[in-house]
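Each chain, letter by letter, is given below.
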Amino acid sequence: MRFVRWIGIGSLGLALSWQAAAANINQPQVLHTTITVNTLVDDFTPNNGTCSLREAVQAANTDLAVDACPAGSASDTIQLAAGSYQLSLIGADGPQTGDLDLNGTIQITGVTSATSIIDANRIDRALEITGGTVSLRNLQVREGFLDGIPEQSTVYGHGILHHAGSLTIDSSLITTNGIITSPATFGYNNHGGGIASLSGYLTITNSLIERNRVRHVYMGGIGSGGGLYIDATSVNISNSTLRESQGAAGSAIYNGRGRLSISNSTIAGHVGTSDGSAAIANVRGELTLSATRLSNNTPKALVHGGGTATINNSSFIGNGGGGSFYCSYGGALASYGQLAISNSRFVGNWANEAGAIAVMTGTTTIDHSEFSENYTQITGTGRDECRGNGGAINTGYGGKVWLDSSTIAYNRADGYAAAIYHSYNPNALIIHNSTIVSNTNSLLHPYTQEIVEDDGPGITALYSSTVQLINTLVAGNRNDVSNVARDCSGLISSQGHVLIEHADAACNLTQANGDLIGVQPKLGSFAFHGGFTRSFSLSATSPAIDAGSSDCGATDQRYFPRPVDGNNDDQARCDIGAFEFGATAIQYSLYLPMTIK
């Protein structure tokens, strides 16, 4: 009987459980809640009939009603009207005081980034994301500042701190965070003036990050990532602008070991606060730049460390500056790692050494690119004696460099080599299918006031370093003070089909088949000619036409197919240099589906 009775009770319990489950299934499940904030006041007073931003965040985090805010659910939208939501409740870190902590599937949406403002009022950072999936849309986040305290000597994220999870920032403005007002706060490390992202995923679209700041004091506190600090996060930035922020390592962006992709964006007007600063500091991470413009950043646009970097269809315009204590290297960028550059422009950048690119170590490949109007300038520094070498590129630090299908023109140098300076380097500099023209320097011998014997205003290779030229045109380079035309100096080895206009004894040239030495190239104009980058065209009577090697790659600098028959002899041969005479853009066929009625 006990056995039978036990069965009966079990059956009854099972039936009741199924009935309860069925009842729960029939209950409507709240999947999304919109919480509308109805006051600008930073308030956490219970039962006063308002729904403040702080109370809305707590309702979304806990899925419980807070004052007049409805309970959150699986997914929540916090809706902000136009106005300034200024934080004022000072105290220990928690939901009732300090910054706003978010954890869950939460979206905060404003009207526009100009009108819906979260103002941290310098009492703390504005927002702290500890996990979940968080979105910020049509918002302005400003005036965040977190002071350093003895037990917290390192501060992350003055405006926004993203610990983990996924954070999306869309159509928003992150501005004037990390502005330090008291000298007493200088003695601590601070990372991420606008945003600090430590792990997870960060997506920034259609947004502006401007005028944020981290303070760096020499031997007194490190400041990195003026606009954005990345530790180990995967970050995607598109259709956005970062401008006018300040910091030491990465005045715009510091990427420690994350994956950073930037596309269709602008990085402009950043100020580095040390001689080694750059707008973007890619330390050990992965970096991809695509269709992005970096302009007017001081003292350089990019420093690339031990990670990997790929740059495509991008422009470096007017970046650079001189060092105050040490010489500056690379107005556009300095590279220590693996770097690949394609179809990009380097124009008007400057530094004490290497006007555009300084290849310190690692391997750098450059193709289908333009280097023009870059320059080196000798300025006074507190310690180093700057030489002003390499108006466009300086490879003299042990790095491996390969240049293909590119033009280097109208660059200047106070020292050796207005185009490329290559010295103290055991690796050969290899140049394919390129044009190096009309670069000038002003270096003179201090006693004779004549051109220095081993100076090549175009390409200089010193101290047993070597340069290999293949299907390359070098012409019109000169020392503009002595008015001596000289295209190269040092150990120059032709691998065939090289045109050099001015190769005197200083250009210790080893010749090969198909070389044209002492020949004027008869160039056309320096213009875009249908491509993203500028190149020199060839006149119809240029000796470079159909005089190149059999292997010049599939396209010229403009990505026009080569070779073509340029001299009408019914044989398609490569031209010498970066430009293929008579080539036209590749035509792609468009196939549309046919509808039969």
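What you see is a predicted model; the values in this text were computed from it and never measured.

Conventions used here
Residues numbered from 1 in each chain as written. Predicted model: local features only at pLDDT ≥ 70, side-chain atom pairs only at ≥ 80, totals over all residues. Heavy atoms only, no water. Helix = DSSP H or I, 4+ residues; strand = E, 2+ residues; numbered from the N terminus. Contact = heavy atoms within 4.5 Å. Areas by Shrake-Rupley, 256 points an atom, 1.4 Å probe, with all protein chains shown as cover. Polar contact = N/O pair within 3.5 Å; in protein donor to acceptor, adjacent residues only side chain to side chain. Pairing = 2+ DSSP bridges. Disulfide = S-S within 2.5 Å. Core = buried A, V, L, I, M, F, W, Y, C linked by side-chain atoms within 4.5 Å. Buried < 20%, exposed > 50% of the residue type's maximum accessible area, 1.4 Å probe, protein only. Salt bridge = Lys/Arg side-chain N within 4 Å of Asp/Glu carboxyl O. pLDDT = per-residue confidence, 0-100. Phe/Tyr/Trp six-rings, centres within 6.5 Å; stacked < 30°, edge-to-face > 60°.

1. Observations regarding the overall build of the chain
So, step 1. Summing up its helical and strand segments, the chain has two helices and 57 strands in all.
So, step 2. Within the chain, residue pairs in contact and separated by at least 24 positions form 71% of the contacts whose partners lie at least 6 positions apart.
So, step 3. Total accessible area on the chain is roughly 24,300 Å²; 53% of this is exposed by carbon and sulfur atoms.

2. A word on the side chain of T205
So, step 1. Secondary-structure assignment places T205 in strand β14 (residues 201-205).
So, step 2. Among the polar contacts listed, one links the side chain of T205 to the side chain of D170, at a separation of 2.7 Å.
So, step 3. Beyond its immediate chain neighbours, meaning those up to four positions away, T205 contacts I169, D170, S171, S238, N239 and S240.

3. Considerations on the pairing of strand β22 (residues 259-263)
The two faces of a sheet get side chains in turn, since along a regular strand they alternate between them.
So, step 1. With five bridges joining them, strand β18 (residues 234-238) and β22 adopt parallel strand pairing. When the bridges of β22 are listed, V235 appears paired with L260.
So, step 2. Summarising the sheet, β22 and strand β26 (residues 286-290) pair through five bridges and their orientation is parallel. Bridge assignment links I262 to a residue of β26, and that residue is L289.

4. A word on the state of the cysteines
So, step 1. Throughout the structure, instances matching the rule amount to four disulfides.
So, step 2. C488 shares a disulfide with C507; S-S distance 1.9 Å. Residues C488 and C507 share a disulfide whose torsion about the S-S bond is about -90°; that sign makes it left-handed. Within this pair, whereas C488 is found in strand β52 (residues 488-494), its partner C507 is found in strand β54 (residues 507-510), the two being separated by 19 residues in sequence.

5. Section: the environment of L444
So, step 1. With respect to the secondary-structure elements, L444 resides in the loop between β46 (440-441) and β47 (459-462).
So, step 2. A C-alpha to C-alpha distance of 8.5 Å links L444 and G415, two positions 29 residues apart in sequence.
So, step 3. Not counting chain neighbours up to four residues away, the residues in contact with L444 comprise Q449, E450, I451, V452, N479, V481 and S482.

6. Comments concerning the nonpolar core
So, step 1. Counting residues in hydrophobic clusters, the biggest one holds 87 residues, and the most contacted among them are I78, L127, I160, I253 and F316.
So, step 2. If you tally residues by element for this core, the top one is helix α2 (residues 53-62), at five residues.
So, step 3. Once residues within four sequence positions are removed from consideration, L127 is found in contact with D99, L100, L102, I118, L136, V141, G159, I160 and L161.
So, step 4. A475, F526, F536 and L538 belong to the second-largest nonpolar core, a separate cluster that totals 12 residues.

7. Focus on unusual backbone geometry
So, step 1. Going from T298 to P299, the amide bond is cis rather than trans, its omega being -5°.
So, step 2. Within the element layout of this structure, P299 appears in the loop between β27 (293-295) and β28 (302-304).
So, step 3. Looking along the chain, the bond that leaves R562 and enters P563 is cis, with omega of 0°.
So, step 4. Relative to the elements of secondary structure, P563 occurs in the segment after β57 (535-538).

8. So, α2
So, step 1. In terms of burial, α2 is a largely internal element, eight of the 10 residues being buried.
So, step 2. For α2, the full list of buried residues reads L53, R54, E55, A56, V57, Q58, A59 and A60.
So, step 3. Where α2 is buried, its residues contact β1 (32-36), β2 (75-79), β3 (83-86), β4 (100-109) and β5 (116-119).
So, step 4. D63 occupies a position one or two residues after α2 and carries a positive phi of about 60°.

9. A look at the side chain of T472
So, step 1. Here T472 is to be found in the loop between β48 (466-470) and β49 (473-475).
So, step 2. When its relative accessible area of 0% is taken as the criterion, T472 is described as buried.
So, step 3. Of the polar contacts made by the side chain of T472, one reaches the backbone nitrogen of N433; its length is 3.4 Å.
So, step 4. Only 3.4 Å separates the side chain of T472 from the backbone nitrogen of S434, close enough to count as a polar contact.

10. Examining the pattern of salt bridges
So, step 1. As enumerated under the stated definition, the model contains 18 salt bridges in all.
So, step 2. For D170, the salt bridge is made with R137, and the minimal N-O distance between the two is 3.4 Å. One end of the pair, D170, is in strand β10 (residues 166-170); the other, R137, is in strand β6 (residues 127-137), and 33 residues separate them in sequence.
So, step 3. Judged by its relative accessible area of 25%, R137 is partly exposed.

11. What about the environment of G223?
So, step 1. With respect to the element layout, G223 can be found in strand β16 (residues 223-224).
So, step 2. Residues G223 and G250, spaced 27 residues apart in sequence, show a C-alpha to C-alpha distance of 8.8 Å.

12. Overview of the confidence of the model for the chain
So, step 1. For the chain, per-residue confidence averages 90 on the pLDDT scale, and 90% of positions sit at 70 or higher.
So, step 2. This stretch, residues 1-25, has a pLDDT under 50; its non-local contacts, to residues over four places away or in other chains, come to one contact.

13. Remarks on the pairing of β26
So, step 1. Going residue by residue along β26, you find L287 and L289 tucked away on one face and E286, T288 and S290 left uncovered on the opposite face.
So, step 2. One ladder, built from five bridges, connects β26 with strand β29 (residues 308-312); its direction is parallel. Pairing of T288 across the sheet is with T310, part of β29.

14. Quick look at the packing of aromatic side chains
So, step 1. Taken as a whole and assessed by the stated rule, the structure comprises 11 aromatic pairs.
So, step 2. Geometrically, the ring pair formed by F316 and F346 is stacked, given 4.8 Å between the ring centres and 10° between the ring planes. Taken as a pair, F316 in strand β30 (residues 315-317) and F346 in strand β33 (residues 345-347) lie far apart in primary sequence, 30 residues in all.
So, step 3. Ring geometry for F526 versus F536: centroids 5.0 Å apart, planes at 35°, classification tilted. Of this pair, F526 sits in strand β56 (residues 523-527) while F536 sits in strand β57, and the two are 10 residues apart along the sequence.

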